[in-house]
Amino acid sequence: MPAKKLVKHPPRRPAALEGNGSRPPIKSYPTRAEAIDRLERLRSVVPVFAQELMSARRQAAQLRAENGWLIEQARQLQRARALSNGSAPLSTSTTGR
């Protein structure tokens, strides 16, 4: 096995310090009232996001369960088809991979 060539890179600085444009700069609020107003708006939005997240997780779990059932149905159909054609049945692995 050939020896591996080591490549040295200069140390990287955090992207946040460079201001690479990936995010707009955070606006500072000149007054306490503006900061409180923004916090109140965020407090009203966060529960909505949490509810959407829980809904998406439930739906993902249902889809995984349905997918497992469909995979098993397909395997049963393939086994039945293989038996009716007189060939050996396919693997009955339950891992799905």
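Relevant structure appears above.
Presented here is an overview of the structure given in this document. If you're wondering where the values come from, they're calculated on a predicted model, not measured in any experiment.

Cut-offs used in this document
- Residues numbered from 1 in each chain as written.
- Predicted model: local features only at pLDDT ≥ 70, side-chain atom pairs only at ≥ 80, totals over all residues.
- Heavy atoms only, no water.
- Helix = DSSP H or I, 4+ residues; strand = E, 2+ residues; numbered from the N terminus.
- Buried < 20%, exposed > 50% of the residue type's maximum accessible area, 1.4 Å probe, protein only.
- Areas by Shrake-Rupley, 256 points an atom, 1.4 Å probe, with all protein chains shown as cover.
- Salt bridge = Lys/Arg side-chain N within 4 Å of Asp/Glu carboxyl O.
- Expected span 1.5 Å × (residues − 1).

Turning our eyes to something else, we now look at the overall build of the protein. Counting its regular elements, the protein contains two helices and zero strands. Taken across its 97 residues, the protein has 2% of its residues classed as buried. Within the structure as shown, the protein displays about 9700 Å² of accessible surface, and the carbon and sulfur contribution to it stands at 58%.

This paragraph deals with the pattern of salt bridges. Going through the model one piece at a time under the given rule, you end up with two salt bridges. Notably, a salt bridge pairs R79 with E72, separated by 3.1 Å at the nearest N-O pair. On the basis of relative accessible area, E72 is assigned to the partly exposed category, the value being 28%.

So, on to helix α2 (residues 32-84). Here α2 spans 77 Å end to end across 53 residues, near enough to the 78 Å set by a 1.5 Å rise per residue. Residue G86 follows α2 closely and has a positive phi angle near 80°.

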